[in-house]
Amino acid sequence: MSQNGPVIRRSSPQIAQVSSISSTMLDVIVALLPALGMAVYLFGPRVLALTLVSVAACVGAEYGYRRLMGLSNTVGDLSACVTGLLLAMSLPVTAPYWAPVLGGVFSIVVVKQFYGGLGRNFMNPALAGRALLCTFPGLMTTWVDAFQKTPLFGAVDAVSSPTPMALLHAGALPDLTLSQLMLGQHGGAMGGAPVFMLLLGGVYLVGRRVISPRIPLSYLGTVALLTLLFPRGNGGALAWMTAQLCSGGLVLGAVFMASDYTTTPVTPVGQTLFGMGCGVLTVLLRYFGSYPDGVGWAILTMNCCVWLLDRAALPRRFGVGRFEAVRGWAEHLRASAAAIHFVPPKVKFLARAGDGTMPGEGYLDELRGTVRQLAALAAVFAVTCGMVFGVHRATDYAAVRAETAAQQTLLAQVMPQATVRSETPYRAPGALSITAGYNDSGLVGYCVEVQANGFGGVLTAVVGVNTNGEVTGVAVTDHRETVGMGTQALESGYLSQYTGRSGTIRTSGSNAVEAVSGATATSEAVTSCVNQALAIVASLDTEGKVDYVDGEV
Amino acid sequence: MTAVQLAGIALAALLSENFILVSCLGIGSRTQAFRDPLDAWRTGYSLTSVMVITALAAWVVNQLLRHFALSYFQTLAFALTGPLVVAGLRYFLRTCIPELSRRMDENLSSVTSNCAAMGTALLIAQRGYGPGGAFLYALFGGAGATVAMMCFAGLRREVSLTSCPRCFQGLPINLITAGLMALSLVGFYGLHLS
């Protein structure tokens, strides 16, 4: 070999690596730009302002934290920019400017940097920031329709309208064509609406080999399959499936958040299981949960289970096929189970019965040890029982009096025309208890205790219905609604609008009550309670045979 | 109770009212259970078995108390039922199935006064579940607690908990991790099947 130039000696590897963390993140940013542009077109320049604030907050938080802790500056790897972008894109355009700042600082500092920075967090930072913001009542629930003018500064006064996701959550099919859904010409999260652009970005990322298509495909495939098998609304299964796939943050979450390297499983089987698990949880939350969109919560929950998934999918021995490992594991299980034997106990009563001079002295000796052990416990138990019994005897009357007084105030609230209440033995499905209210002129009506599902759990209410089938009053006795948001729909001012109504009360249209904006689930729960009570009283069977059960009224 | 209602109870016990992450009830005194995933699994299945037996026993005790109008003894009766069930189970395993006793005994002793078992009994009595509902609630509640404990222990294994500022190392970062796991379950609050 003739040497024409200097011999360059290098150590391996000798192929220059083009991709780095910053180039990968730059690819992700490029993939998000079409969606961002579409969002600006749909929702106005406030989108850009919010995105800039979010990115600045994330980058500033990362720089500030690393600087304060004396660590190396990692802002150059652009991961904080991506977090800021994704966080901003999952917000509504009506979000105040402090929201992305709070979410960004939380996601960068607590979720990412506290665990060691890039590549060492276990939860997706952007989604965790979004989840934190979701716990602020009212922040993530004001969605505006596309092409509304939302001002750059000042109070956002736009008309909030039901997004496709809200309609799907209520079981109705949104009235949009496929192209409208794909292009995002409807309300929703800033970056979640333009589905077509997000898919373009996803194809770009897969083509550049930044993300593996396994998780997005398994996620979207599971959601598609489940929504196809269990459709709702009256447009057919296929229309329901496409509407579900194109609404909410599903494509954004599946392509950009569920495919994050650090917070997803490493093994292929684990990744498929991760995608499937996300899909199942998303559909479960969309159908039965309180929040309209379950994508963020599903991905976060699966982020916590990544260790289990990797463990389930990891082969035990290197160089041996996976089924060998599974077979070995099953064999180990079988051997472990086979080691468990049932040993019949040797019952030895009166083992020492024959000992001692007197008959039974051996038996007493055997007992003495056990009695000595348990004597202290028995004494404590006896004293406690006595105390409970004594307190009960002393406070029994007072307790009953207080309970009666409470029931009387409840009656006054629920059925002001009645002066006396009496429990009835009538039973009806859905009624926890039926109490009759009387005054001087006879039976006024029935107070029915019913339950309905509110936002945070079960809501129990007592509804008074008079003999004409009209509501006399509503009182909520137990609820788990958000203080300040849902409880607005439980105040007496709101509940008084049910008085005098009859028939089936709806939330819109004829015979409607005005729902409290921001507390729709709670208002609907109260309305459902009232409707149940009206139906129960209308079909109450007071003539039939009454079975009195001992101990119950 | 209908199948949908029972399924709703099971789902609620598993996700929206997870004993460890939402109701914060199953956090026992055994720290090893939150460090080692295998120990978390053993504590989990011990807790599940204790919860199921305690739930059924407490349901029976509650019915007896209500029948004899002694409902004011409910707290005392449930407080005794839990440890008695655990003691009985440990005695039974020690005499009849020694291999299981060898594996489960220390985990069983740590769940003697676990709030999840006694909390199950009280919640079942308060909500008036039937025996089927009680069984499902305890079974899926225990399963949810097991998964939560295993995930937490796995996270402690895999995730570096010493990269935070020194004032956060130790208990604070553990609590933050548990809090982030609980944050992910906030979306399941109010989940209902009907």
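First things first, this report covers the structure right here in the doc. (Residues numbered from 1 in each chain as written. Chains lettered and ligands numbered in written order. Predicted model: local features only at pLDDT ≥ 70, side-chain atom pairs only at ≥ 80, totals over all residues. Heavy atoms only, no water.)

**Some points on the overall build of chain B**
Inclusion rule: Starting at the N terminus, helices and strands are each numbered in turn, a helix being any DSSP run of H or I of at least four residues and a strand any DSSP run of E of at least two. In this treatment the radius of gyration is a C-alpha quantity, and the globule benchmark scales as 2.2 Å times the residue count to the 0.38 power. Residue contacts are defined here by distance: any two heavy atoms, one from each residue, within 4.5 Å place the two residues in contact. The Shrake-Rupley method, run with a 1.4 Å probe sphere, supplies the accessible areas, and residue values consider only the shown protein chains as cover.
Scanning chain B from N- to C-terminus turns up seven helices and zero strands. Secondary structure elements of chain B, listed N to C terminal, follow the sequence α-α-α-α-α-α-α. Here the C-alpha atoms of chain B give a radius of gyration of 18 Å, agreeing with the 16 Å that 2.2 N^0.38 yields for 194 residues. A sequence separation of at least 24 residues applies to 73% of the contacts in chain B between residues at least 6 apart. On chain B, roughly 8300 Å² of surface is accessible, and the fraction owed to carbon and sulfur atoms is 65%.

**Looking at the pairing of strand β5 (residues 471-478) of chain A**
Residue and element names in this part refer to chain A. Rule in force here: When DSSP finds at least two bridges between two strands, those strands are taken to pair.
Pairing analysis gives six bridges linking strand β4 (residues 458-466) to β5, with the strands arranged antiparallel. Its bridge partner being in β5, G464 is matched across the sheet by G473. Count of turn residues in the β4/β5 antiparallel hairpin: four residues, of which G469 carries a positive phi of about 85 degrees.

**Here we look at unusual backbone geometry**
Note the cut-off: For every residue, the accessible area (1.4 Å probe, protein chains only) is compared with the maximum for its type, and the residue is labelled buried under 20%, exposed over 50%, or partly exposed between those bounds.
Located in the positive-phi region is N511 of chain A, a residue other than glycine, with phi close to 55 degrees. Along the chain, N511 of chain A turns up in the loop between α17 (492-495) and α18 (520-538). On the basis of relative accessible area, N511 of chain A is assigned to the partly exposed category, the value being 29%. We note that C24 of chain B has phi near 55 degrees; this positive angle belongs to a residue other than glycine. Along the polypeptide, C24 of chain B turns up in the loop between α1 (3-16) and α2 (37-67).

**Some remarks on the interface of chain B and chain A**
Threshold: Summed over both partners, the accessible area (1.4 Å probe) lost when two parts come together is defined as the buried area. By definition here, a salt bridge exists when the distance from a side-chain nitrogen of Lys or Arg to a carboxyl oxygen of Asp or Glu is within 4 Å. Within 3.5 Å is the distance limit for a polar contact, defined as a pair of N or O atoms, with the added protein rule that one can donate a hydrogen and the other accept it, and that residues adjacent in sequence qualify only through two side-chain atoms. The residue classification treats Ala, Val, Leu, Ile, Met, Phe, Trp, Tyr, Cys and Pro as nonpolar and Asp, Glu, Lys and Arg as charged. All others, Gly included, are polar.
Contact residues are listed per partner, giving 48 residues for chain B and 50 residues for chain A. Here chain B meets chain A over a buried area of about 4100 Å², counting both sides, of which 74% is carbon and sulfur. Broken down residue by residue, the surface that chain B buries against chain A is led by Y72, L180 and L183 of chain B, which jointly contribute 14%. We note a salt bridge from E17 of chain B to R480 of chain A, for which the minimum N-O separation is 3.6 Å. Our count for the chain B to chain A interface comes out at 10 residue pairs in polar contact (both at pLDDT 80 or more). Grouping the constituent residues of the side of chain B that touches chain A by class yields 32 nonpolar, 10 polar and six charged.

**Side note on the sheet that holds strand β2 (residues 431-439) of chain A**
Residue and element names in this part refer to chain A. Short version of the rule: Axis definition: a line fitted to C-alpha atoms, over the contacting stretch in the case of helices. Angles run 0 to 180 degrees between N-to-C directions.
If you walk across this open sheet you meet the five strands as β1-β2-β3-β4-β5, and the pairing is antiparallel. Among the strands making up the open sheet, the edge pair consists of β1 (420-423) and β5. For this sheet, the mean angle separating the axes of adjacent strands, direction not counted, is 25 degrees. In terms of strand pairing, β2 meets strand β3 (residues 442-453) through eight bridges, oriented antiparallel. Opposite I434, over in β3, you have V448 as the bridge partner. Helix-sheet contacts for helix α16 (residues 361-414) involve β1, β3, β4 and β5, and the interaxial angle to β5 is about 135 degrees. Strand contacts of α18: β2, β3, β4 and β5, with the helix running at about 135 degrees to β3, the strand carrying the most contacts.

**Notes on the packing of helix α3 (residues 74-96) of chain B against helix α4 (residues 98-110) of chain B**
How two helices sit against one another is set out by the angle between their axes and by the gap between those axes. All names here are of chain B. Heads up, the condition is: For classification purposes, an angle smaller than 35 degrees is called roughly parallel, one larger than 145 roughly antiparallel, one from 65 to 115 roughly perpendicular, and anything else oblique. A crossing counts as left-handed when the near helix is turned anticlockwise from the far one by less than a right angle, and as right-handed when that turn is clockwise.
Contact geometry of α3 with α4 gives a least axis separation of 8 Å together with a crossing angle of 155 degrees. Regarding the angle of α3 to α4, the classification is roughly antiparallel. Helix-helix and strand crossings are classified by hand; for α3 and α4 the assignment is left-handed. Note on element contacts: α4 touches α3 through P98, L100, S101, M104, D105, L108 and S109, opposite V86, L89, R90, L93, R94 and C96. Counted by class, the contact of α3 with α4 contains eight nonpolar, two polar and three charged residues.

**A closer look at α2 of chain B**
An α-helix turns once every 3.6 residues. As a result, residues three or four positions apart point the same way. To be explicit about the condition: Helix span, expected: 1.5 Å multiplied by one less than the number of residues in the helix.
Taking 1.5 Å per residue as the helical rise, α2 of chain B with its 31 residues ought to reach 45 Å, and the 44 Å between its terminal C-alpha atoms agrees with that figure. In the stretch just after α2 of chain B, A69 of chain B is the one whose phi turns positive, near 55 degrees.

**Comments concerning the packing of aromatic side chains**
Put simply, the test is: Only centres within 6.5 Å qualify two rings of Phe, Tyr or Trp (six-membered ring in Trp) as a pair; their planes then separate them into stacked at under 30 degrees, edge-to-face at over 60, and tilted for everything else. By definition, being over a ring means that NZ of Lys or CZ of Arg is both within 6 Å of the ring centre and within 35 degrees of the ring normal.
For the structure shown, the criterion picks out 15 aromatic pairs over all chains. Measuring from ring centre to ring centre gives 5.3 Å for W41 of chain B and Y45 of chain B, while their planes differ by 75 degrees; the resulting arrangement is edge-to-face. Residue W41 of chain B and its partner Y45 of chain B are located together in helix α2, separated by four residues, close to a single helical turn. Its relative accessible area of 25% is what places Y45 of chain B among the partly exposed residues. Above the ring of Y97 of chain A, the side-chain terminus of R46 of chain A is found at 4.8 Å from the ring centroid. Just above the ring of Y287 of chain A sits the side chain of R232 of chain A; from NZ or CZ to the centre is 4.6 Å.

**Digging into the side chain of T51 of chain A**
Mapped onto the fold, T51 of chain A is located in helix α2 (residues 46-68). Once residues within four sequence positions are removed from consideration, T51 of chain A is found in contact with L36, L85 and A88 of chain A.

**Some words on the environment of T504 of chain A**
Residue and element names in this part refer to chain A. Along the polypeptide, T504 turns up in the loop between α17 and α18. Sequence separation between T504 and L534 is 30 residues, and the spatial gap between their C-alpha atoms is 7.7 Å. Apart from the residues lying within four places of it in its own chain, the contact partners of T504 are N511 and N531.

**Here's the deal with the side chain of S46 of chain B**
Residues and elements named next belong to chain B. Note on placement: S46 falls in helix α2. One polar contact links the side chain of S46 to the main-chain carbonyl oxygen of R42, over a distance of 2.8 Å. Ignoring any residue separated from it by four or fewer positions in sequence, one finds S46 in contact with M104, N107 and L108.

**Thoughts on the packing of helix α3 (residues 79-89) of chain A against helix α5 (residues 125-134) of chain A**
All names here are of chain A. Two numbers describe how α3 lies on α5: the axes approach to 8 Å, and their chain directions differ by 40 degrees. In terms of axis orientation, α3 runs oblique to α5. Note on packing geometry: the crossing formed by α3 with α5 is right-handed. Where α3 abuts α5, its residues T83, L86 and L87 lie against P125, A126, G129 and R130.

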